[in-house]
Amino acid sequence: MKHIKLKINTKTQKYSIVIGSNLMFNISKIIKDNSINFKKCLVIIDKNISKKTISQIKKSLNRKKIYIHFFKASEINKNINNVNKILDILLNKNFSREDCLISVGGGITGDISGFAASLFKRGLKFINVPTTLLSQVDSSIGGKTGVNTKYGKNLIGSFYQPNLVISDIQFLKTLPNREVICGYGEILKHSLIANKKFFNFLNRNYKKIIYLKSPFIEKAIFESCKIKKNIVEKDEKEKNLRKILNFGHTFAHAYESFFGLYKKTQPW
Ligand SMILES: NC(=O)c1ccc[n+]([C@@H]2O[C@H](COP(=O)([O-])OP(=O)(O)OC[C@H]3O[C@@H](n4cnc5c(N)ncnc54)[C@H](O)[C@@H]3O)[C@@H](O)[C@H]2O)c1
């Protein structure tokens, strides 16, 4: 089980991002190696994750008491009612702060699970297993969690850092092409913000990255995470520097509004 590790050190939490391939066979060992202990966990799983992977996760966690909740990831489902459903399971199964919530999914699943984790008894252990390229290079790092409302996207939320992030490249193999390209967009954004050398690497190797070729995809994920790490460590709560990560979004929102695309893409 080869993997690389990146340590994040914010004011509220120190945690690792573990990046590698075929990590789900060993999820239990990775959790233990990172000193995260619990007896009981609730795993929130995106409905598009393969049955094979789910059984690997279950098998590896077989010494824990494990509950599973499937979630259909969409912007319309990224709402407070679905957070309530998660909280209801945690309360009903008598979870405590010493237990753990594990998210296995893309940015939507991670944002909603992280938000529920931050609310439950003011915070229980939270492990994020991002399964899209976008979530591996961006949304799983830095502790922004939240939901959409009829007033707009991500308007209700919290800053809540995970205890651990496990990025398994194997997940990307079932990801639709469009989703890989969305993730590549965030990698490119990070390079433009902070690292010309990395931008040149992407320029030379973008095809290999989009086709998930090793070791290019691993390097792209690692370098991208490093850029976000450096920014988040300096400005965890987006008071100042972290706003730089919105680079491109400002233009995109104006572009989408101008061409009437914004309303079409918003479900509320
Ligand atoms: N918290 C943050 O800092 C942050 C940063 C950027 C974006 N976001 C949020 O992230 C969300 C977008 O995340 P996303 O792009 O990961 O979208 P997503 O979670 O909706 O996933 C995209 C699609 O891929 C499917 N999917 C997920 N993993 C899969 C896999 N391994 N194989 C096949 N299909 C899979 C999902 O079911 C979904 O249909 C947005 O809601 C955005 O607001 C948050």
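Residues numbered from 1 in each chain as written. Predicted model: local features only at pLDDT ≥ 70, side-chain atom pairs only at ≥ 80, totals over all residues.

Asker: Would you mind going over the nonpolar core in detail, with residue names and values included?
Answerer: Leu 101 and Ile 166 are the most contacted members of the largest nonpolar core, which totals 59 residues. Considering each element in turn, this core owes the most residues, seven residues, to helix α8 (residues 216–234). Ignoring any residue separated from it by four or fewer positions in sequence, one finds Ile 166 in contact with Val 18, Leu 23, Ile 27, Ile 30, Ile 127 and Val 129. (Core = buried A, V, L, I, M, F, W, Y, C linked by C-beta atoms within 7 Å. Buried ≥ 20, exposed ≤ 12 C-beta atoms within 10 Å, placed from the backbone. Helix = DSSP H or I, 4+ residues; strand = E, 2+ residues; numbered from the N terminus. Contact = placed C-beta atoms within 7 Å.)

Asker: Lay out the sheet that holds strand β4 (residues 65–71) with the relevant residues and their values.
Answerer: Read across the open sheet, the seven strands follow the order β1-β2-β9-β6-β5-β3-β4; overall the sheet is mixed. One side of each edge strand has no neighbouring strand; the edge strands of this open sheet are β1 (3–9) and β4. Within the sheet, the average angular offset between the axes of one strand and its neighbour, ignoring direction, is 15 degrees. Bridge count for strand β5 (residues 100–105) against strand β6 (residues 125–130) is six bridges, and the pairing is parallel. Paired with Ser 103 across the strands is Asn 128, a residue of β6. Here helix α3 (residues 80–92) sits on the sheet in contact with β3 (40–46) and β4, set at roughly 165 degrees to β4. Its contacts with the sheet put α8 on β1, β2 (14–20) and β9 (164–168), and the angle it makes with β1 is roughly 10 degrees. (Pairing = 2+ DSSP bridges. Axes fitted to C-alpha atoms, helices over the stretch in contact; angles between N-to-C directions.)

Asker: Pulling in residues and values, what's your account of the site of the ligand?
Answerer: Neighbouring the ligand are 26 residues, the closest being Gly 106, Gly 107, Ile 108, Thr 132 and Ser 139. Elements represented by at least two residues in the shell around the ligand include exactly α4 (107–119), α5 (133–139) and α6 (177–194). Tallied by class, the residues present in the shell around the ligand amount to seven nonpolar, twelve polar and seven charged. (Near = placed C-beta within 6 Å. Nonpolar A, V, L, I, M, F, W, Y, C, P; charged D, E, K, R; others polar.)

Asker: Which residues make up the packing of α3 against α4, and what are the values?
Answerer: With their axes 9 Å apart at the nearest point, α3 and α4 run at an angle of 55 degrees to one another. Judged by the inter-axis angle, α3 sits oblique to α4. At the point where α3 passes α4, the crossing takes the right-handed sense. The residues of α4 that touch α3, namely those facing Asn 82, Val 83, Ile 86 and Leu 87, are Ile 112, Ser 113, Phe 115, Ala 116 and Leu 119. (Parallel < 35°, antiparallel > 145°, perpendicular 65-115°, else oblique. Left-handed = near helix turned anticlockwise from the far one by under 90°.)

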